[in-house]
Amino acid sequence: MSEFRDWAGLPDGLLHSVITLLGSFPDLLTFAATCRSWRAAFSSFPSKSTFYTLFPPLLLQPNVPFCSPRPFPNVARNTFVPKRPCYVTDLASQDTLLCSHIPLLSIGYGNNCPPNALDKFAFRGASFGHMIFSWNRSCFVFDVFTGINVSPPLLPVDEYTEIYYGAALTAPLSSPNSHLIVSTASSNFFWHVGSNSWLKRSPRSGTLDKFVVFKGQVYGMGSDRRLFMVHLTPQIRLQKIPVSWGGRNSMTKWHFSTPWQVVCGDMLLMVGCQNCFPGTGDVFEAYRLDTSTEPAKWVKVEKLENWAIFISMDERVQPLSCMNPERWGGRSNCVYCYDSGHLVVFELGKPLQGDAIKPDVFIFICCGSMVQPIWMVPSMFSLC
């Protein structure tokens with residue numbers, strides 16, 4: 001017991017030096033969960049957000065019948081939301097399988113639905129380590145890595161309105177300016193976390209359904225590829241960014257079947273593939289937003305340099321990026337996807353080749369009501 005007190009009493013400076021040597025998100029969370037003083041040292045670490053790009057995101061695999069014996073560190077067990085197990089794969093630790101929990105939904109069980117499942121709730125999106133679920137006017141946000149859940153007020157819509165088009169956070173729930181944005185067929189609604197009401201703000205035609213935070217600024221894009229800056233303070237305001245399409249080294253408006261916005265360092269990228277469901281023979285391309293011209297334009301990027309991008313099987317989940325993936329055995333200039341138990345790695349600008357084991361690859365990317373395998377980063381490391 002005295003030896004433990006000696007470890008618990010280590011100075012913050014020494015503990016901070018230990019933190020810099022850790023090699024994955026689970027290692028960092030285990031460190032923080034060791035004791036109160038170590039958690040305090042972790043909380044005071046000056047640059048936790050830098051880990052966001054140093055380690056690969058964690059892969060959540062929801063459809064598992066049971067949990068592995070090794071639980072994910074720091075997961076709260078005393079929440080009231082019924083949960084089911086999911087695997088968490090950590091690429092930085094030799095594909096280590098950990099166990100976490102996500103909300104138990106009735107969708108997908110048919111007549112064998114567990115009695116305590118959340119009836120009618122459906123998955124609507126994920127960002128900053130949180131999953132977002134809704135049914136009719138109700139929704140809740142669930143932190144996958146702490147088990148904490150938050151419920152906003154009822155949406156000011158009628159009973160027939162659905163949030164099928166997606167939902168996203170602008171920052172982790174703990175951030176003072178975190179907003180939840182939900183997208184219906186005709187409107188966007190904004191909830192400042194902790195407030196008692198929603199605000200309705202939408203472009204004149206259509207809604208925004210994809211969001212990304214770049215250098216502290218929220219950007220939104222609609223299905224028509226229009227790009228907006230989303231100003232959250234002093235009041236919510238949408239500012240359209242004029243963008244020219246086509247031209248030399250620039251892309252046309254409908255170049256990608258499904259475009260994703262992702263941040264790689266000082267670049268805001270549009271990444272995509274011309275096929276709805278990327279697979280063998282398909283090519284991922286990337287275009288960088290160039291705001292040095294008026295209007296702005298998307299300029300083709302030939303290489304991602306020392307970056308890798310991770311795209312989930314649900315198109316409403318924000319893509320993630322990682323810097324210097326070779327440090328954990330990954331590959332730069334690549335787009336990582338997941339397909340039926342296998343990692344699929346597309347080198348940017350080159351067609352995917354099959355192999356003897358799996359000659360044909362088909363990545364089914366959807367936006368359904370059930371949780372698909374998705375990439376996530378624990379909320380405490382997320383940039384905001």
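Just so you know, these numbers come straight off a predicted model, no measurement behind them.

Procedures and definitions
Per chain, residues are indexed from 1 in the order of the written sequence. Under the rules for a predicted model, residues below a pLDDT of 70 receive no local features and side-chain atom pairs below 80 are neither given nor counted, while totals for whole chains, interfaces and linings still include all residues. Computation of side-chain values: all heavy atoms of the structure, hydrogens and water removed. Put simply, DSSP H or I for four residues or longer makes a helix, DSSP E for two residues or longer makes a strand, and each gets a number counted from the N terminus. Relative accessibility thresholds used throughout: buried, under 20% of the residue-type maximum; exposed, over 50%; partly exposed, between the two (1.4 Å probe, protein chains only). A 1.4 Å probe and the Shrake-Rupley method give the accessible areas. Residues count as covered only by the protein chains that appear here. Only strands that DSSP links by at least two bridges are regarded as paired with each other. Angles run from 0 to 180 degrees between N-to-C directions of axes, and those axes are lines fitted to C-alpha atoms, restricted for helices to the stretch in contact. Contacts are assigned to residue pairs with any non-hydrogen atoms lying within 4.5 Å of each other. For the purposes of this section, nonpolar cores are sets of buried Ala, Val, Leu, Ile, Met, Phe, Trp, Tyr and Cys residues that join through side-chain atoms within 4.5 Å. Within this document, salt bridges are pairs made up of a side-chain nitrogen of Lys or Arg and a carboxyl oxygen of Asp or Glu, the two lying within 4 Å of each other. UniProt positions are given in the numbering used here, feature names are shortened, and annotations may be inferred rather than shown by experiment. In this scheme, roughly parallel covers angles under 35 degrees and roughly antiparallel covers those over 145, while 65 to 115 is roughly perpendicular and the rest are oblique. The classification used treats Ala, Val, Leu, Ile, Met, Phe, Trp, Tyr, Cys and Pro as nonpolar, Asp, Glu, Lys and Arg as charged, and all other residues, Gly among them, as polar. Pairs were defined over the aromatic rings of Phe, Tyr and Trp, the Trp ring being its six-membered one, requiring ring centres within 6.5 Å. Orientation was assigned from the angle between planes: stacked under 30 degrees, edge-to-face over 60, tilted for the rest.

## As for the overall build of the chain
Summing up its helical and strand segments, the chain has 5 helices and 25 strands in all. Expressed as a percentage of its 384 residues, the buried residues of the chain come to 54%. Carbon and sulfur atoms make up 53% of the accessible area of the chain, which amounts to about 17500 Å² in all.

## Looking at the sheet that holds strand E24 (residues 342-347)
Taken together, the 4 strands give an open sheet; going across it, the order is E22-E21-E23-E24, and neighbouring strands pair in mixed fashion. Of all strands in the sheet, those with a lone pairing partner are strand E22 (320-323) and E24, marking the two edges. If you compare each strand with its neighbour and ignore which way they point, the axes differ by 25° on average.

## Quick look at the side chain of Thr258
Secondary-structure assignment places Thr258 in the loop between strand E16 (243-244) and strand E17 (260-264). When neighbours within four sequence positions are excluded, Thr258 is seen to be in contact with Lys210, Val271, Gly272, Cys273 and Glu315.

## Looking at the nonpolar core
Of all hydrophobic cores here, the largest spans 52 residues; its most connected members are Leu28, Leu60, Met131 and Phe133. It is helix H3 (residues 25-32) that contributes the most residues to this core, 5 residues altogether. Leaving out residues up to four positions away in the same chain, Leu60 has contacts with Cys86, Tyr87, Val88, Ile102, Met131, Val144, Phe145, Gln372, Pro373, Ile374 and Met376.

## Concerning the pattern of salt bridges
Per the counting criterion, the structure on display carries 6 salt bridges. With a shortest N-O distance of 3.9 Å, Glu347 and Arg331 are connected by a salt bridge. Separated by 16 residues along the polypeptide, Glu347 in strand E24 and Arg331 in the loop between E22 and strand E23 (334-339) bring together distant segments of the chain. Sharing partners across several salt bridges, the network here consists of Arg331, Glu347 and Lys350.

## Overview of the pairing of strand E5 (residues 130-135)
Counting buried positions over the 6 residues of E5 gives 5, a clear majority of the element. Summarising the sheet, E5 and strand E6 (residues 138-143) pair through 6 bridges and their orientation is antiparallel. Its bridge partner being in E6, Ile132 is matched across the sheet by Val141. Where E5 folds back on E6, the antiparallel hairpin that results is connected by 2 residues, among which Asn136 adopts a positive phi of roughly 55°.

## Some details on the UniProt feature "domain: F-box" (unreviewed entry) in the chain
Under the feature "domain: F-box" (unreviewed entry), the UniProt entry names residues 7-42. Secondary structure within residues 7-42 divides into 69% helix and 0% strand; the distance between the first and last C-alpha atoms comes to 15 Å.

## Side note on the pairing of strand E1 (residues 58-61)
Here E1 shows no split at all, with Leu58 and Leu60 on one side and Leu59 and Gln61 on the other all buried. Pairing analysis gives 3 bridges linking E1 to strand E25 (residues 374-376), with the strands arranged antiparallel. Bridging from a neighbouring strand, Leu58 pairs with Met376 of E25. Bridge count between E1 and strand E2 (residues 83-90): 3 bridges; the pairing is antiparallel. Of the residues in E2, the one forming a bridge with Gln61 is Tyr87.

## Remarks on the packing of H3 against helix H4 (residues 36-43)
Where H3 meets H4, the axes come as close as 7 Å, and the angle between the chain directions of the two elements is 130°. What the angle tells us is that H3 and H4 run oblique. Counting all contacts with H3, which are made through Leu28, Phe31 and Ala32, the residues of H4 involved are Trp38, Arg39 and Phe42. The residue makeup of the contact of H3 with H4, split by class, is 5 nonpolar, no polar and 1 charged.

## Re the packing of aromatic side chains
This model, assessed by the stated rule, comprises 14 aromatic pairs. Judged by centre distance (5.4 Å) and plane angle (90°), the ring pair of Phe25 and Phe55 falls under edge-to-face. Pair noted here: Phe25 is in helix H3 and Phe55 is in the loop between helix H5 (51-54) and E1, with a separation of 30 residues, a long-range link.

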